[in-house]
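So the chains spell out like this:
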Amino acid sequence: MLDMMPMTYEQTKLLEGVFPHALGQLGEPDPRTDPLAAYRYLRTRRNVMEEAARQRPMMRIYDGSMNYVGHLNGELSGSCEELMTDSGKANAAIRFDNHMGDYLLNQTKIHEDLHLVIDPIPTQRTWRTRWGGKITGLVGRKDSRGVHTIELEAISNREHAKHLLFGANPIFPPEVQLPKMWVLPGNTRTILAISMFINLARLFWPALSIPTNVFNPAGWINPFGVDALLNLDPLAWPLQVCFVNAGIDQSRTTALGATWTDWHTTMDPLLQDAGVVFRAHTWLTEDEDSCHQELADVAKLLGPFNAPIQQVIRPRRNCIAFGLYDESGRDGPTGTAFDGIINAAAVTVADLLSPILVNVDTGETYQGEPIEEATGEERSTIIERLAGVGKRPPKVIWWEGQHSGIIESERRLHKGPVKTIMTGGRSPSIINQAQTFAIRYGLSQLAQVINYGLGAYEQYGVEGLDNLYQGQLDNVLFAWQRFTDPVRGLFTGDMAFQEHFERGGGVAYVLSSVLTIRVGHYKTRAWQGFTCKVVNGRPHLVDVDIHLGQRAGFEQDHIIFVDQLTAIKREWDRDTPVTVGMAIGDDRDR
């Protein structure tokens, strides 16, 4: 009798070699040895990326503490917009019989926060491209046909910047503020990250949140509870600041001054001036990597300790992470923070010499086409290039042509600059104090005993005369400050607009007044406005080839105009696939 051995059926082994391997399964084809396979690989990879971008975004609902509630499926329509310089918005409409309808409209109290999280590409979810925001409105609507719908309105998490303050002295309670103003010089990304971190510590870190609320008992709720103790770890805060490596921060050197002003208003002129982009990311525990990327890059230098450190530097919870990115397009000769000083010096000198050296044709070209910055004034870049901090050509350019992805492009010239900028209203405190001391001291001397050689006598009726002065001459000396731009006076002519008053802090000849004059000078300049709308995927894909705030170029009349990607908007509904709109440049009064 034959010994029958058990047999196993190995389908993969039996079918091995029957079908050709998948494209790219064995690695990227070599275009030198197999150019057709390389072409097919690139073409297929491009098709996969384009089809992935056409997926309907994934929408999820989270509660006020960013705990997952449920998916928002079957929406009738939806849209989300992210802006570079302000808070974007999102909208969605669902039927009331949607599985989330009753929860949204009836099971949450009006004062309970809800959050909307949208992943543009559901198969590639990451904090870098995720849209997150707070639901600010819910509308239950029943139309004449009896159709009951719910409409959601949300505003992006960047709105938090309008509801967070830079304290004059964030480590003391508001009732005791010395010094009276928060002033921090340094490279833009570094000083903003430090200032934001300290002010978040004032809110969440128990060692600071308790003493800074000593006169605010309502702020003592649960000071020693589990949540508060967890907040001893900054990675457990609900709001976090993405780590900035100060040693390699090449953003422009500047100074931050604030006295309990909101982040958005305080940062806006600094961000515009330095070309830095502020973003509010929504980080979830499902994300593969940490939002503190510059800290992760440092950890990679530690070799065998890299893997455990990468896990340690991950946030402990779902959170909102504020990131600062240098998208000015400028490099530096040293690759260190010292480049920020070179940047500021070169740009300042260039601004002063531009009236002498300015030339519309800067000599900068890319593939034979001249490059022009879509930032406003014509200015020379010779000094910047000599200092090694000139701007690089953009990596992404939409070219004119029959198959171009440009929908429309506009160029607008705004003329009529103002010659003189004025600010002020009050003298610096040291001027008023010195003046008061001098006058009161002089009056008090009249009451001194005077020796006429025959004896000591006191002048009758002069005791207490120093109290007659009660600040009558305050805000007389150095209370107003003016700056006249000689270049504008030279080119505008006799009929130029003469004066503009910029309010600012209302004190002349202090640090804030210099910044106020600079803001007024910027507002009243002659400038060019450029905007361009393009089609996603022709040929560049948003969030793949280019991200919000990065520099991009578009060709118009054989000139490449370069500016930042200022807006990204996605729209879809039941009958229309996802469409993505982008805007390059900005036409606001900046």
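As a reminder, the structure under discussion sits directly above these lines.
Everything in this summary refers to the structure shown in the same document. What you are looking at is a predicted structure, and each value in this text was computed from that prediction instead of being measured.

### Looking at the overall build of the protein chain
Helices and strands together make up the secondary structure of the protein chain, namely 14 helices and 27 strands. Put simply, the protein chain has 590 residues, and 42% of those count as buried. Considering only intrachain contacts with a sequence separation of at least 6, the fraction spanning at least 24 residues in the protein chain is 74%.

### Focus: the pattern of salt bridges
Tallied over the entire structure, the rule returns 31 salt bridges. We note a salt bridge from Lys-162 to Asp-86, for which the minimum N-O separation is 2.7 Å. One end of the pair, Lys-162, is in the loop between strand E7 (148–156) and strand E8 (165–166); the other, Asp-86, is in the loop between strand E3 (77–83) and strand E4 (89–95), and 76 residues separate them in sequence. On the basis of relative accessibility, which here comes to 30%, the residue Lys-162 falls in the partly exposed class. The partner of Glu-499 in a salt bridge is Arg-482, with the nearest N and O atoms 2.7 Å apart.

### Describing the sheet that holds strand E23 (residues 497–501)
Across a sheet, strands are paired by hydrogen bonds formed along the backbone, either parallel or antiparallel in direction. One open sheet accounts for three strands, arranged E22-E19-E23; its pairing is mixed. Here the strands that pair on one side only, and so sit at the sheet edges, are strand E22 (480–484) and E23. Between one strand and the next, the sheet's axes are offset by a mean angle of 20°, whatever the strand orientation. By the bridge criterion, four bridges tie strand E19 (residues 418–424) to E23 in an arrangement that is parallel. If you follow Met-422 over to E23, its bridge partner there is Phe-501.

### Examining the nonpolar core
If you look at the biggest cluster of nonpolar residues, it comprises 38 residues, and the most contacted ones within it are Ile-61, Leu-72, Leu-104, Leu-116, Leu-152 and Trp-398. No other element matches strand E26 (residues 559–573), which puts four residues into this core. Core analysis: the second largest hydrophobic core is formed by 29 residues, Ala-161, Leu-192, Phe-322 and Leu-324 among them.

### Examining the sheet that holds strand E14 (residues 319–326)
In space, the three strands of this open sheet follow the order E10-E14-E13, with mixed pairing throughout. Each having just a single partner strand, strand E10 (239–241) and strand E13 (276–283) make up the two edges of the open sheet. With direction set aside, neighbouring strand axes in the sheet form an average angle of 25°. Against the sheet, helix H7 (residues 263–274) makes contact with E13 and E14, and its axis sits at roughly 125° relative to E13, the strand it touches most.

### Quick word on the side chain of Ser-156
Its location among the elements puts Ser-156 in strand E7. Apart from the residues lying within four places of it in its own chain, the contact partners of Ser-156 are Ser-87, Gly-88, Trp-131, Gly-132 and Gly-133.

### Section: the packing of helix H4 (residues 188–204) against H7
Where H4 meets H7, the closest approach of the two axes is 11 Å, and the angle between their N-to-C directions is 165°. One way to sum up the angle between H4 and H7 is to call them roughly antiparallel. Once H4 is placed against H7, the crossing between them reads as left-handed. The residues of H7 that touch H4, namely those facing Thr-188, Leu-192, Met-196, Asn-199 and Leu-200, are Trp-263, Met-267, Leu-270, Leu-271 and Ala-274. Among the residues forming the contact of H4 with H7, the class breakdown is eight nonpolar, two polar and no charged.

### Section: the environment of Thr-261
Topologically, Thr-261 is positioned in strand E12 (residues 261–262). Sequence separation between Thr-261 and Ala-168 is 93 residues; the distance between their C-alpha atoms is 8.7 Å. In this view, Thr-261 contacts Leu-164, Leu-165, Phe-166 and Thr-266; residues no more than four positions away in its chain are not counted. At 2.7 Å, the side chain of Thr-261 forms a polar contact with the side chain of Thr-266.

### Observations concerning the packing of aromatic side chains
Ring pairs (aromatic) are described by centroid distance and by the angle formed between their planes. As enumerated under the stated definition, the model contains 10 aromatic pairs in all. Centre to centre, the rings of Phe-554 and Phe-561 are 5.9 Å apart; their planes meet at 35°, and the pair counts as tilted. Phe-561 shares its class with Phe-554; the two are buried. The rings of Phe-166, Trp-263, Phe-278 and Phe-322 are connected pair by pair, giving a single aromatic cluster.

### Remarks on helix H14 (residues 511–523)
With 13 residues, H14 extends 19 Å between its outermost C-alpha atoms, agreeing within 8% with the 18 Å of an ideal straight helix rising 1.5 Å per residue. Taken as a whole, H14 has its buried residues at Ser-513, Thr-516, Ile-517 and Gly-520. One face of H14 carries all of its buried residues, which in axial projection span an arc of 100°. Those residues of H14 that are buried are in contact with E19, E22 and E23.

### Focus: the state of the cysteines
Applying the stated criterion to the full structure yields zero disulfides. Cys-291 forms no disulfide, and the closest cysteine sulfur to it belongs to Cys-242, at a distance of 4.6 Å.

### Quick word on unusual backbone geometry
Following Leu-178, the chain continues into Pro-179 via a peptide bond in cis, with omega recorded as 0°. If you trace the backbone, Pro-179 turns up in the loop between E8 and strand E9 (182–187). Despite not being glycine, Asp-543 has its phi angle at roughly 70°, a positive value. If you trace the backbone, Asp-543 turns up in the loop between strand E24 (527–535) and strand E25 (551–556). For Asp-543, a relative accessible area of 13% puts it in the buried group.

### Looking at the side chain of Asn-245
With respect to the helices and strands, Asn-245 occurs in the loop between E10 and strand E11 (253–258). Among the polar contacts made by the side chain of Asn-245, one reaches the main-chain amide nitrogen of Gly-247 at a distance of 3.1 Å.

### Regarding the environment of Asp-233
Considering the arrangement of structural elements, one finds Asp-233 in the loop between helix H6 (226–230) and E10. Between the C-alpha atom of Asp-233 and that of Trp-205, which follows or precedes it by 28 residues, the distance is 7.9 Å. Within the structure, the side chain of Asp-233 is placed 3.0 Å from the side chain of Arg-316, a separation counted as a polar contact.

What counts, and where the lines are drawn
Residues numbered from 1 in each chain as written. Predicted model: local features only at pLDDT ≥ 70, side-chain atom pairs only at ≥ 80, totals over all residues. Heavy atoms only, no water. Helix = DSSP H or I, 4+ residues; strand = E, 2+ residues; numbered from the N terminus. Buried < 20%, exposed > 50% of the residue type's maximum accessible area, 1.4 Å probe, protein only. Contact = heavy atoms within 4.5 Å. Salt bridge = Lys/Arg side-chain N within 4 Å of Asp/Glu carboxyl O. Pairing = 2+ DSSP bridges. Axes fitted to C-alpha atoms, helices over the stretch in contact; angles between N-to-C directions. Core = buried A, V, L, I, M, F, W, Y, C linked by side-chain atoms within 4.5 Å. Parallel < 35°, antiparallel > 145°, perpendicular 65-115°, else oblique. Left-handed = near helix turned anticlockwise from the far one by under 90°. Nonpolar A, V, L, I, M, F, W, Y, C, P; charged D, E, K, R; others polar. Polar contact = N/O pair within 3.5 Å; in protein donor to acceptor, adjacent residues only side chain to side chain. Phe/Tyr/Trp six-rings, centres within 6.5 Å; stacked < 30°, edge-to-face > 60°. Expected span 1.5 Å × (residues − 1). Arc of directions from axis to C-beta. Disulfide = S-S within 2.5 Å.

Nothing here speaks to function; it is all geometry.
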